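Structural overview for review
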Amino acid sequence: DAGITQSPRHKVTETGTPVTLRCHQTENHRYMYWYRQDPGHGLRLIHYSYGVKDTDKGEVSDGYSVSRSKTEDFLLTLESATSSQTSVYFCAISDSRETEAFFGQGTRLTVV
Amino acid sequence: AQTVTQSQPEMSVQEAETVTLSCTYDTSENNYYLFWYKQPPSRQMILVIRQEAYKQQNATENRFSVNFQKAAKSFSLKISDSQLGDTAMYFCAFRGRNFNKFYFGSGTKLNVKP
């Protein structure tokens, strides 16, 4: 299995608070992604990274920011959490030498 | 932007029978990759099968096979001899050759009945 760890696995937070989710990989893959999974929507891309300090927006990036200061770590920050951001968040990695994405275990975030 | 459509939100099949899950996609690219992922109740995303668009031959992995129709932009998954462990959400995904984003469909929930 690809070495991808997401933390925390579960989190409950209050509306208006900042939240940071962490994705750590041991595969030295170039590309890292953050997706959110909601019923009826599948997985939607929030942000992705194609190298250290190189990031770009996905289709649902409003209210989220990311940072990648090291190859192995990709952080997702909810600047001011809202109830609409209650979701399951997945980190994924991919390498240019391979074509599929490998996924972390997911983080269930509840904003109350 | 690329779009991936799975028109069957939920399907059921009897154990040992065959079921086909549908997926269509929209792209202007000529070279790309297509995938089927399985998500059991554990929430883990597991790659089932992948197809390179430049390959004519349909991909096969044991009981799983695809019917790839490039002109029709269709990529269906056939599961033969369905097993109880196949019960899961199945997602179709697209990755363009020149871009590194993965686009996913909304998923099909498959229930295998004993």
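Shown above is the structure to which this text applies.
What you are looking at is a predicted structure, and each value in this text was computed from that prediction instead of being measured.

For the rest of this paragraph, the subject is the overall build of chain A. In terms of regular secondary structure, chain A is built from zero helices and eleven strands. Going from the N terminus to the C terminus, chain A shows its helices and strands as β-β-β-β-β-β-β-β-β-β-β. Taking 2.2 N^0.38 as the reference for a compact globule, 112 residues should give roughly 13 Å; the C-alpha atoms of chain A span a radius of gyration of 13 Å, in line with that estimate. Reported as C-alpha extents along the three principal axes, the dimensions of chain A are approximately 40 × 25 × 25 Å. When burial is assessed residue by residue, chain A has 49% of its 112 residues classed as buried. For chain A, long-range pairs separated by at least 24 residues make up 54% of all intrachain contacts whose partners lie at least 6 apart in sequence. Accessible surface, chain A as shown: approximately 5100 Å² in total, 45% of it carbon and sulfur. On chain A, the mean spot of the 12 positive side-chain charges and the mean spot of the 14 negative ones are 4 Å from each other.

This part is about the pattern of salt bridges. Taken as a whole, this structure holds eight salt bridges over all chains when the rule is applied. Between Arg44(A) and Asp38(A) there is a salt bridge, with its nearest N and O atoms 2.9 Å apart. Across the pair Asp26(B) and Lys73(B) runs a salt bridge whose closest N-O atoms are separated by 3.7 Å. Note that Asp26(B) is positioned in strand 4 (residues 24-26) and Lys73(B) in the loop between strand 8 (64-69) and strand 9 (74-79), a separation of 47 residues in sequence. Lys73(B) gets classed as partly exposed once you look at its relative accessible area, which sits at 27%. Connected via shared salt-bridge partners are Arg22(A), Lys70(A) and Asp73(A).

Between chain B and chain A, the residue contacts involve 17 residues of the former and 27 residues of the latter. Summed over both partners, the interface of chain B with chain A comes to about 1800 Å²; 52% of that surface belongs to carbon and sulfur atoms. Looking only at chain B, the three residues that lose the most surface to chain A are Arg43(B), Lys101(B) and Phe102(B), adding up to 33% of its buried area. Linking chain B with chain A are one salt bridge, by the criterion used here. Glu100(A) is paired through a salt bridge with Arg50(B); the nearest N and O atoms lie 2.3 Å apart. Here chain B and chain A share ten residue pairs in polar contact (both at pLDDT 80 or more) between them. Secondary structure elements with two or more residues in the side of chain B that touches chain A: strand 5 (32-39), strand 6 (46-52), strand 10 (88-96) and strand 11 (102-104) of chain B.

Attention shifts here to the pairing of strand 12 (residues 108-113) of chain B. Residues and elements named next belong to chain B. In strand 12, alternate side chains face the same way, and those of Thr-108, Leu-110 and Val-112 are buried while those of Lys-109, Asn-111 and Lys-113 on the opposite face are not. Bridge count between strand 2 (residues 10-14) and strand 12: five bridges; the pairing is parallel. When the bridges of strand 12 are listed, Ser-12 appears paired with Asn-111.

Turning our eyes to something else, we now look at the environment of Pro9(B). All names here are of chain B. Here Pro-9 is to be found in the loop between strand 1 (3-5) and strand 2. Judged by its relative accessible area of 61%, Pro-9 falls in the exposed class. Between the C-alpha atoms of Pro-9 and Met-89, which are 80 residues apart in sequence, the distance is 9.3 Å. With sequence-adjacent residues up to four places away left out, Pro-9 is seen in contact with Gly-107, Thr-108 and Lys-109.

The subject of this paragraph is the environment of Arg43(B). Along the chain, the position of Arg43(B) falls in the loop between strand 5 and strand 6. The exposure class of Arg43(B) is buried, given its relative accessible area of 12%. Here the alpha-carbon distance between Arg43(B) and Leu77(B), two residues 34 residues apart in the chain, equals 20 Å. Ignoring any residue separated from it by four or fewer positions in sequence, one finds Arg43(B) in contact with Arg9(A), His10(A), Val88(A), Phe90(A), Gln105(A), Gly106(A), Thr107(A) and Arg108(A). In this structure the side chain of Arg43(B) is engaged in a polar contact, spanning 3.4 Å, whose partner is the backbone oxygen of Gln105(A).

Each value, and the rule that gives it
- Residues numbered from 1 in each chain as written.
- Chains lettered and ligands numbered in written order.
- Predicted model: local features only at pLDDT ≥ 70, side-chain atom pairs only at ≥ 80, totals over all residues.
- Heavy atoms only, no water.
- Helix = DSSP H or I, 4+ residues; strand = E, 2+ residues; numbered from the N terminus.
- Rg over C-alpha atoms; globule rule 2.2 N^0.38 Å.
- Buried < 20%, exposed > 50% of the residue type's maximum accessible area, 1.4 Å probe, protein only.
- Contact = heavy atoms within 4.5 Å.
- Areas by Shrake-Rupley, 256 points an atom, 1.4 Å probe, with all protein chains shown as cover.
- Lys, Arg positive; Asp, Glu negative; His and termini not counted.
- Charge placed at Lys NZ, Arg CZ, Asp CG, Glu CD.
- Salt bridge = Lys/Arg side-chain N within 4 Å of Asp/Glu carboxyl O.
- Buried area = accessible area lost by both parts, 1.4 Å probe.
- Polar contact = N/O pair within 3.5 Å; in protein donor to acceptor, adjacent residues only side chain to side chain.
- Pairing = 2+ DSSP bridges.

Nothing here speaks to function; it is geometry throughout.
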